[in-house]
Amino acid sequence: MGDMEGKKTNPAAMAADAGREEGEEHDVGDLVGELLEIIDSVGSFGEYRRTQRKESFNLVRRMKLLAPLLEELQDLEYPIPDAAYARLCGLLKAFSAARKLLRCCHDGSKIYLALESEAVMVRFHMVYDRMNQALDGMPYDALAISDEVKEQVELMSLQLRRAKRRIDTQDMELAMDLMVVLSKRDDRNADGAILERLAKKLELQTLPDLRAETMAIKKFIKERCGQNADSTQQILDLLNKFKRVAGIEDANGLSDVTLPKYLEKCPSLMIPNDFLCPVSLEIMSDPVIVATGQTYERRSIQKWLDAGHRNCPKTRQTLAHLSLAPNYALRNLIMQWCEKNKVELLTRDADQDSDHLEQKEEIPSLVRDLYSIHLDVQRKAVKKIRMLSKENPDNRILIAKHGGIPALVSLLPYPDSKIQEHTVTALLNLSIDERNKRIIAKEGAIPAIIEILKSGTVEAKENSATALFSLSMLEENKVMIGNMNGIPPLVDLLRDGTIRGKKDAATALFNLVLNYGNKARAIDAGIVAPLLNVLGDKNLGMVDEALSIFLLLASHPDGHTAIGQLPFIETLVQLIKEGTPKNKECALSVLLELGTHDSSLVSAALRLGVYEHVCEVEKSGTNRAKRKAKSLLPLINKCKGV
């Protein structure tokens, strides 16, 4: 008995011996150490871009779940079999790909990650597939892995297999916003509102964020080596638009600093960074020091303070006081440098400053005039407020501050077409400011705007639709507009309006049907028929927008029946065959959504010859279209009985 106890065997060691007979022995220490080092490094990234934040944290969490397995392997006192080593090598490849992806989501271009969100999501799922393949068939018994750790790893593997890509309403909203701002439309305040919402979503509102994004795009372009010029140009276009929203001028989207007109003749001139105002990015002519010790151009920082900000734009610290001290030493250095390099500084036109000051002083009296008993005084006042609220973001804040919103709302029911038109447009302009959206709704403007949408002039109807679109960026306003029957008149405008009116109605309806309850309301209001007309009207150029609305409606049970008719399936098949690359992407998305709920619709598309077109798109379409085609083919093959 004593001999038997003295020769007591370890089952795991016996299994390892068996493994060594079949293949090579491997020292696991370095390999496991590298895997654990990657887990530590991705854990140190901390934050991720907003568009991929959730998925990035999910991936890091899943990687960390494998740490106990790796720590137990690190404690092994004997080499592991070849089969286990091969799987750990596969896991290292998956982890390396994961680290590269997470680094991109940590410090890559926010604009690129938003535009290519689906492609990035595919990369996440490729990493999940690699991790799952590496863990599948891991010889736990041969490695003496505890039951607790084994169960944890198997549970994580199950989660990986179940992980499915999906587009939620936030992604759809982002996709539609990007579609609108990148389209060649007239530059209207509705587009400005979308830009502000995008800037907020992508966290590209502050000067430091825009500078970091510029550097990320520079790095991205360098890595692309001139490839995909069209998508690169889209990224640059968006960057420039975000800079304009923030009040920064940047002609080419790539320079760290802007070369103003007075430097156009000598663009290669290296300007000392300390000479540039952190807000305007231009050479300072009147530098002043704020409470934090930072220096700014007087005009730029004064504008910042006048807008109600009480922190330093660069450091974000709260200012202990609002005094501005002239930085004479820096001013002298700038003057000497300008003289030496023959650079003539342009000072701001005094007339412009006085005009802006006059506007600020004029606003309180204009608001009072809105309550005048004289019609012509009211007309002039509301027209002027419409103009001021369009021109300047600061004016929107001041008009609201002086009680302009309640005064304007009180004029909406006024039986004068011009006053109505100017009033609803002024409220549209004011609604671009996030705080004003809530005030406008709270003051009871929405029912009156809906009434103008029903019975106002052509321009008043169009601007009412755009105002509802702007207000509906807030979820509570989406619900309010739906409950107050704002959707039927928008559907009427989509059916009977001018080209511009139809575009305004479509954009507003898209925003509203992001809300689940509004999907049924839109279907009940008869949205399907006018949307089909939009699809067939080449003059509108709104195929993608219409298909995006159809995609949202298709996710609702009532939408399956209303949309899933043969004429619509014929239209989808035609677009998949002959549409633009973007048309094909959107049409495939809608057919995939419908087919997921009702296979008979896929069968109908199959009879119309869709299979050949889907196969063609899978080979030569855009990346997104290829992914949609690949997802649709199994449904088609199932209907074919393959």
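Our structure's up above, just so we're on the same page.
Counting of residues starts from 1 at the beginning of each chain's written sequence and follows it residue by residue. Only residues with pLDDT of 70 or above have their local features reported here, since the model is predicted, and side-chain atom pairs are shown and tallied only from 80 upward, although totals for entire chains, interfaces and linings are computed over all residues. Only hydrogens and water are set aside when side-chain values are computed; all heavy atoms of the structure are taken into account.

Here a strand pair is declared whenever DSSP counts at least two bridges between the two strands. The secondary structure listing takes helices from DSSP runs of H or I that are at least 4 residues long and strands from runs of E that are at least 2 residues long, numbered from the N terminus. The 3 strands are arranged 2-1-3 in an open sheet whose pairing can be described as antiparallel. A single partner strand is all that each edge strand has here, and the edge strands are strand 2 (295-297) and strand 3 (325-326). Relative to strand 3, strand 1 (residues 287-289) is paired through 2 bridges, and the arrangement is antiparallel. Considered in strand 3, the bridge of Val288 is made with Pro326. Along the sheet, helix 14 (residues 298-306) makes contact with strand 1, strand 2 and strand 3, crossing strand 2 at roughly 95 degrees. Contacts were defined at the residue level, with two residues in contact if any of their heavy atoms lie within 4.5 Å. Angular values range over 0 to 180 degrees, each being the angle between N-to-C directions of two axes fitted as lines to C-alpha atoms, with helices fitted over their stretch in contact.

As used here, the term nonpolar core means buried Ala, Val, Leu, Ile, Met, Phe, Trp, Tyr and Cys residues forming a set that is joined through side-chain atoms within 4.5 Å. Using a 1.4 Å probe on the protein chains alone, a residue whose accessible area is under 20% of its type maximum counts as buried, one over 50% counts as exposed, and one in between counts as partly exposed. Met63, Leu88, Met131, Phe242 and Ile527 are the most contacted members of the largest nonpolar core, which totals 170 residues. Top contributing element to this core by residue count: helix 6 (residues 82-107), with 11 residues. Apart from residues no more than four positions distant in its own chain, Met63 is found in contact with Ile38, Ile39, Val42, Phe95, Ala98, Leu102 and Met131. By size, the runner-up hydrophobic cluster in this structure holds 19 residues, among which are Cys277, Leu324, Leu330 and Cys338.

Only centres within 6.5 Å qualify two rings of Phe, Tyr or Trp (six-membered ring in Trp) as a pair; their planes then separate them into stacked at under 30 degrees, edge-to-face at over 60, and tilted for everything else. Within the structure shown, the criterion is met by 5 aromatic pairs. Aromatic pair Tyr112 and Phe220: ring centres 4.7 Å apart, planes at 40 degrees, arrangement tilted. Here the residue Tyr112 occupies a position in helix 7 (residues 110-115), and Phe220 occupies one in helix 12 (residues 207-224), the gap between them amounting to 108 residues. Like Phe220, Tyr112 is buried. Taken together, Phe45, Tyr48 and Phe57 form an aromatic cluster joined through their ring pairs. The ring of Tyr128 has Arg62 lying over it, and the distance from NZ or CZ to the ring centre is 4.9 Å. For a Lys NZ or an Arg CZ to count as sitting over a ring, it must be within 6 Å of the ring centre and within 35 degrees of the ring normal.

Keep in mind that these numbers describe shape and distance, not what the molecule does.
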